[in-house]
Amino acid sequence: MQVHRLPVLSDNYIFLLHDPGQTIAAVVDPAEAGPVLRKLEELGATLVAIFNTHHHADHVGGNAKLLQRFPDMVVYGGAKDRGRIPGQQVFLQEGDRVSFGDRSAEVFFVPGHTRAHIAYYFAPAHPNEMGDLFCGDTLFAGGCGRLFEGTPTQMVNSLSKLRRLPDQTRVWCAHEYTLKNLQFALMIDRDNANLHRRFAEVRAARSRSEATIPSMLGVEKRTNPFLRWDDLGLRAATKAENDIQTFARLRGMKDRF
Ligand code: ZN
Ligand code: FE
């Protein structure tokens, strides 16, 4: 399975999964149809599935047009998004599996950004390879999604599920927010040497207009404050009394950053 990253809108990424052997493709969160159709043409592949993570327009905007062009494909989304995702046919819950070509992904229910958000995790095809996590707007490189329809407790619970995955997992999140996220992270986590190193790398990459996605989950665990709610330094920096409060205060500070 190859993953192609398509930059769209101001800072979104669409991910196109390609199985060259079977000349099939699937797409994660098609914000727009045009770039997907052009890539499919270039690859000579047929679209067999849309994997949506949540209902926001910058994730489902291309659904209707793609479904029109490929009426036999399947549109997947979270069970609680029923009625909010155009063309949705399959209503997924925690622990469900979806398949694409010879691969399959586990579904995680990760409410917080929205009340219905899900993530898709493809475990490595062979030992020593990397897994692939498509997490929409739940976990970002260096950050996490805003809490539009969920509570800090829910989001910590959701991010806990993702944090349990192996370090060698590619994190395919839906927005290029990394530089700004790390600027915030540095402000509250000044003594984190890994974070300083990462910031320098990301700043250099962005100055060359390179994408910072995918990131590695192991790097996120060490440098993303929104995966480190149980870090005592962050607890002190936010003057919080427990993990949830640490996370909630970080999120509140980031909202105003
Ligand atoms: Zn969103
Ligand atoms: Fe989004």
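All values derive from a computational prediction rather than experimental measurement.

Draft legend 1. Quick look at the overall build of the protein. The secondary structure content of the protein amounts to nine helices and 14 strands. Against the compact-globule benchmark of 18 Å for 257 residues, the protein has a radius of gyration of 18 Å, which places it among compact chains. Principal-axis analysis of the C-alpha atoms gives the protein an extent of 55 × 40 × 35 Å. For the protein, buried positions account for 53% of its 257 residues. Sequence separation of at least 24 residues holds for 59% of the intrachain contacts in the protein that already meet a minimum separation of 6.

Draft legend 2. Representation of the sheet that holds strand E1 (residues 2-8). If you trace the six strands from one edge of the open sheet to the other, you get E1-E2-E3-E4-E5-E6, paired in mixed fashion. Because the sheet does not close on itself, it has two edges, and the strands there are E1 and strand E6 (90-92). Across the sheet, the mean angle from the axis of one strand to that of its neighbour is 25 degrees, orientation sign disregarded. In the sheet, strand E3 (residues 24-28) pairs with strand E4 (residues 46-51) via five bridges, with the strands oriented parallel. Bridge pairing in E4 places valine 28 opposite phenylalanine 51.

Draft legend 3. A look at the coordination of the iron ion (ligand 2). Protein-derived ligands of the iron ion (ligand 2) are Asp58 (OD), His59 (NE2), Asp137 (OD) and His175 (NE2), with the metal-ligand distances lying across 2.1 to 2.3 Å. Seen from the iron ion (ligand 2), its four donor atoms lie at angles of 84 to 165 degrees, and the figure they make is irregular. Mapped onto the sequence, the residues coordinating the iron ion (ligand 2) show the spacing D-H-x77-D-x37-H. The metal-metal distance between the iron ion (ligand 2) and the zinc ion (ligand 1) comes to 3.2 Å, with aspartate 137 coordinating both. Here aspartate 58 matches histidine 59 in class, with each residue buried.

Draft legend 4. Here's a closer look at the packing of aromatic side chains. A complete count under the given rule lists twelve aromatic pairs for this structure. Note on phenylalanine 51 and tyrosine 120: the rings are 5.2 Å apart at their centroids and 50 degrees apart in plane angle, and the pair reads as tilted. One end of the pair, phenylalanine 51, is in strand E4; the other, tyrosine 120, is in strand E9 (residues 118-122), with 69 residues separating them in the sequence. Across this residue pair, the class does not change: phenylalanine 51 and tyrosine 120 are buried.

Draft legend 5. Structural detail: the environment of alanine 119. For alanine 119, the position within the fold is in strand E9. Taking the C-alpha atoms as reference points, alanine 119 and aspartate 96, 23 residues apart in sequence, are found 11 Å from one another. Beyond its immediate chain neighbours, meaning those up to four positions away, alanine 119 contacts Glu106, Val107, Phe108, Val110, Leu133, Phe134, Cys135 and Leu162.

Draft legend 6. Expanded view of unusual backbone geometry. A cis amide bond links isoleucine 213 to the next residue, proline 214, at an omega of 5 degrees. In this fold, proline 214 is placed in the loop between helix H6 (193-207) and strand E14 (215-216). Backbone geometry places aspartate 29, a non-glycine residue, at a positive phi of 50 degrees. Mapped onto the fold, aspartate 29 is located in the loop between E3 and helix H1 (34-43). On the accessibility criterion, aspartate 29 (2% relative accessible area) is buried. If you check the backbone angles, serine 209 has positive phi at about 60 degrees while not being a glycine. Locating serine 209 in the fold gives a position in the loop between H6 and E14.

Draft legend 7. Expanded view of H6. For H6, built from 15 residues, the straight-helix expectation of 21 Å at 1.5 Å per residue is met to within 8% by its first-to-last C-alpha distance of 21 Å. Among the residues making up H6, those that are buried are Leu195, Arg198, Phe199, Val202 and Ala205. Buried positions in H6, seen along its axis, are confined to an arc of 130 degrees and lie on one side of it. Along H6, exposed side chains directed more than 90 degrees from the buried face belong to Glu201 and Ser207. For H6, the elements touching its buried residues are helix H5 (178-188), E14 and helix H7 (217-223). With a side-chain oxygen lying 3.1 Å from the backbone nitrogen of asparagine 194, the N-terminal cap of H6 falls on asparagine 192. Directly beyond the C-terminal end of H6, a positive phi value near 60 degrees is found at serine 209.

What counts and what doesn't
- Residues numbered from 1 in each chain as written.
- Chains lettered and ligands numbered in written order.
- Predicted model: local features only at pLDDT ≥ 70, side-chain atom pairs only at ≥ 80, totals over all residues.
- Heavy atoms only, no water.
- Helix = DSSP H or I, 4+ residues; strand = E, 2+ residues; numbered from the N terminus.
- Rg over C-alpha atoms; globule rule 2.2 N^0.38 Å.
- Buried < 20%, exposed > 50% of the residue type's maximum accessible area, 1.4 Å probe, protein only.
- Contact = heavy atoms within 4.5 Å.
- Pairing = 2+ DSSP bridges.
- Axes fitted to C-alpha atoms, helices over the stretch in contact; angles between N-to-C directions.
- Donors = N, O, S within 2.8 Å, 3.2 Å for Na, K, Ca; no water.
- Tetrahedral: all angles 85-135°; square planar, octahedral: opposite > 155°, others 65-115°.
- Phe/Tyr/Trp six-rings, centres within 6.5 Å; stacked < 30°, edge-to-face > 60°.
- Expected span 1.5 Å × (residues − 1).
- Arc of directions from axis to C-beta.
- Polar contact = N/O pair within 3.5 Å; in protein donor to acceptor, adjacent residues only side chain to side chain.

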